[in-house]
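Here is what each chain is made of, one letter per residue.
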Amino acid sequence: MDDVKSKVLDKYSAKVYKNRKQHIIEVGEEPETQEIAANSRSIPGIMTNRGCCYAGCKGVVVGPLKDTVVITHGPIGCGFYSWGTRRNKAKSDDGSFIQYCFSTDLQETDIVFGGEKKLRQAIKEAMEIFRPKCLMICSTCPVGLIGDDIHAVAAETEETYGITCIAFSCEGYKGVSQSAGHHIANNGVMRRVIGSAEKAPKVRHSVNLLGEYNIGGDGWETERLLKDIGYEVVAVMTGDGSYEALSKADRAELNLVQCHRSINYIAEMMETKYGMDWVKINFIGIDATAASLRDIAKYFDDPELIKRTEEVIEAELAEIAPARDYYREKLTGKTAALYVGGSRAHHYQYLLEDFGVRTVLAGHEFAHRDDYEGRRVIPTIKADADSKNVESITVEKDEERYSEYLTAERAEELKNVIQLAAYRGIIPDMKPGDIVVDDLNHYETEALLSTLKPDIFLSGIKDKYMLQKDGAVSRQLHSYDYSGPYAGFRGAINFARDLTMGVYTPAWKFVVPPWKNEPVLQAKLVRDKERERAAERAGEREREEAAGAKKSGGAAHA
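Reference entry: report on the structure contained in this document. (Residues numbered from 1 in each chain as written. Predicted model: local features only at pLDDT ≥ 70, side-chain atom pairs only at ≥ 80, totals over all residues. Heavy atoms only, no water.)

Moving on to the overall build of the protein. Helices and strands together make up the secondary structure of the protein, namely 23 helices and 14 strands. Seen through its principal axes, the protein has C-alpha atoms that stretch 120 × 65 × 45 Å. Evaluated residue by residue, the protein yields a buried proportion of 54% over its 558 residues. Across the protein, every contact between residues at least 6 apart in sequence was considered, and the portion connecting residues at least 24 apart equals 76%. Of the accessible surface of the protein, which amounts to about 26,100 Å², a share of 51% is contributed by carbon and sulfur atoms. Distance between charge centres in the protein, computed from 74 positive and 86 negative side chains, equals 5 Å. (Helix = DSSP H or I, 4+ residues; strand = E, 2+ residues; numbered from the N terminus. Buried < 20%, exposed > 50% of the residue type's maximum accessible area, 1.4 Å probe, protein only. Contact = heavy atoms within 4.5 Å. Areas by Shrake-Rupley, 256 points an atom, 1.4 Å probe, with all protein chains shown as cover. Lys, Arg positive; Asp, Glu negative; His and termini not counted. Charge placed at Lys NZ, Arg CZ, Asp CG, Glu CD.)

Turning our eyes to something else, we now look at the pattern of salt bridges. Applying the stated criterion across every chain yields a total of 37 salt bridges. We note a salt bridge from Glu244 to Lys133, for which the minimum N-O separation is 2.9 Å. In this pair, Glu244 sits in helix α11 (residues 243-246) while Lys133 sits in the loop between α6 (116-130) and β4 (134-139), placing the two residues 111 residues apart along the sequence. Connected through shared salt-bridge partners, Glu221, Arg224, Asp228, Glu316, Glu319 and Arg490 make up one network. (Salt bridge = Lys/Arg side-chain N within 4 Å of Asp/Glu carboxyl O.)

This brings us to the pairing of strand β11 (residues 358-364). Within β11, 6 of the 7 residues are buried, which leaves it mostly tucked inside the rest of the structure. For strand β10 (residues 335-339) and β11, the ladder comprises 5 bridges, and the chain directions are parallel. Bridging from a neighbouring strand, Leu338 pairs with Ala362 of β11. Chirality of the crossover, the property in question, places the unit of β10, helix α15 (residues 344-354) and β11 among those that are right-handed. (Pairing = 2+ DSSP bridges. Right-handed = clockwise from strand over helix to strand, strands pointing away.)

Next up on the list: unusual backbone geometry. Look at the link from Met237 to Thr238: it is a cis peptide, with omega at 0°. By secondary structure assignment, the location of Thr238 is in strand β7 (residues 232-238). Here Gly484 and Pro485 are connected by a cis peptide whose omega angle stands at -5°. With respect to the secondary-structure elements, Pro485 resides in the loop between β14 (473-476) and α21 (488-503). Of note in this structure, Arg87 is not a glycine but carries a positive phi near 55°. Examined against the element boundaries, Arg87 turns out to sit in the loop between α4 (76-81) and β3 (102-103). One non-glycine residue, Asp240, adopts positive backbone phi at about 55°. Topologically, Asp240 is positioned in the loop between β7 and α11.

A word on helix α3 (residues 53-62). Within α3, 10 of the 10 residues are buried, which leaves the element mostly enclosed by the surrounding structure. The complete set of buried residues in α3 reads Cys53, Tyr54, Ala55, Gly56, Cys57, Lys58, Gly59, Val60, Val61 and Val62.

Next up on the list: the packing of aromatic side chains. One pass over the structure, following the stated rule, counts 14 aromatic pairs. Note on Tyr231 and Phe300: the rings are 5.7 Å apart at their centroids and 40° apart in plane angle, and the pair reads as tilted. With Tyr231 in the loop between α10 (218-229) and β7 and Phe300 in helix α13 (residues 286-300), the pair connects residues that are 69 residues apart, well separated along the chain. Judged by relative accessible area, which is 3%, Tyr231 ranks as buried. Under the relative-accessibility criterion, Phe300 is labelled buried at 4%. Members of the aromatic cluster, joined through ring pairs, are Phe97, Tyr100, Phe102 and Phe130. Cation over ring: Lys91 sits above Trp220, and NZ or CZ is 4.4 Å from the ring centre. (Phe/Tyr/Trp six-rings, centres within 6.5 Å; stacked < 30°, edge-to-face > 60°. Lys NZ or Arg CZ within 6 Å of the ring centre and 35° of its normal.)

A cluster of nonpolar side chains, contributed by Ile461, Tyr465 and Trp508, occupies part of the molecular surface with about 300 Å² of accessible area. Relative to the helices and strands, Ile461 is located in helix α20 (residues 461-469). On the basis of relative accessibility, which here comes to 46%, the residue Ile461 falls in the partly exposed class. (Patch = residues over 30% accessible without salt bridge, like charges linked within 9 Å, V, L, I, M, F, W, Y side chains within 5 Å.)

Pairing is parallel in the open sheet, where 4 strands are placed in the order β7-β6-β8-β9. Lying at the two open borders of the sheet, with one neighbouring strand each, are β7 and β9 (277-280). Each strand of the sheet is rotated relative to its neighbour by a mean of 25°, with strand direction disregarded. When strand β8 (residues 254-257) meets β9, the two strands line up parallel, connected through 4 bridges. The residue bridging Val257 from the neighbouring strand is Lys280, located in β9. The strands touched by α13 are β6 (206-212), β8 and β9; relative to β8, the strand with the most contacts, the crossing angle is about 160°. (Axes fitted to C-alpha atoms, helices over the stretch in contact; angles between N-to-C directions.)

Here the focus is α15. Of all 11 residues making up α15, 9 are buried, and the element is well covered by its neighbours. Those residues of α15 that fall on the buried side of the exposure criterion are Arg344, Ala345, His346, His347, Tyr348, Gln349, Leu351, Leu352 and Asp354. Trailing α15 by a residue or two, Gly356 shows a phi angle of about 80°, which is positive.

Read these as spatial facts, not as claims about activity.
Printed below as a string of structure tokens:
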């Protein structure tokens, strides 16, 4: 695989080569010792697939809240970009606002004279028409540049309308990717929402589902399994989630973390403030789902719960057994590449393996080193200027609401069995020889595609069609191409069905682009023309000089 890495990097200049070689590694025999560069700025001019800080805050974390009006304060393009692209599904008896795109639609005059007046008017209209339980304001790049005080407007809104109004200074240029927006959203939700409801007793065997955004209904399938076993799901952050449910999240006994990158901040802060443990789980994949359900049961250590967990797993496996065998026969031996944000490039390796598909390449858009190498490396990560640009808040123990479920001895015992307040990262779970890439760009995607030749490339909407045109089967995992759910046991079968349809109907392989057979454009570089002209001028001078010399020589001879 070293040849693969060198083939990709050799095209770069020395400066770019030095940078990118740290972001691409081949998994070795001792992956726990390997280090990768991550969470650093993309190289200017390279076509990266990353999103911005605003996309992480509004588009990922707070956008799916169904009872909250989220207003994008900025040009309409920013709001439109984050509207309806993630397919966050929601059910609500009182109506849901996530199908709307709320924006102040700033124009050039607003940039010159300020947009606070327009923001106040937008809030007034939203309150009169929708009467939400909570209102959130997300700022975009121009707002940060002109200095609109969205926090002051939010405070005015609370005083005027008597509701919670939260402002997020999530201008797109902050941080290095959408990861910064996740952090900013986590801070705001933790400060203003979680634990804001009146104190109530803990609910027995209750959980919060963190980092689940209900893409294509994933969260509903996960909730179904948890409720069948006997758990009470207090809040989901934030797919099909609500401000009202989040305000009561401190009543749960355990946090389940699905997407580590986008929500780990809240998990840590709730542990500090309320004594609530968190466990890293994964409901993507058949064996992974079963393992996660068993880990949760081990945490609560209730014989009845453990028994019910095994009953549900047995029933679910029996239900999908024929389909599982069928699709495994169809897909075994195929290879796959994964380039997805969050933890999906890790989670989906389990699901692919369930059906005999080997992952040869995996990477994240906006991961940090701990997402690759595990949380053990966090103390060694040095904060840079970009990291310091995003506020890290601290919380204190809430003496009134703090309670621990586990004894210290039991907690230490469990840490050797389950991922309690831990995440081992993607690299330790990959096989020697596999390639891991951080912030994969357009050129590297094409180069690795032609070198590794995976049968399946699972990625996002920005590069999906480029992959397909090269003949690779592609499913985009940011919105599931209007399919899903893919979580849990039944979701795994949905995924295998969609993958099988793609593999056995390789439509793009039947189309040969005209540029594959003959050139469709003919041109010369300007610099070549300049060289030709220079050569012609030099030739003319030489001829003139030769003619002059000949003439002078002839005159001297005469």
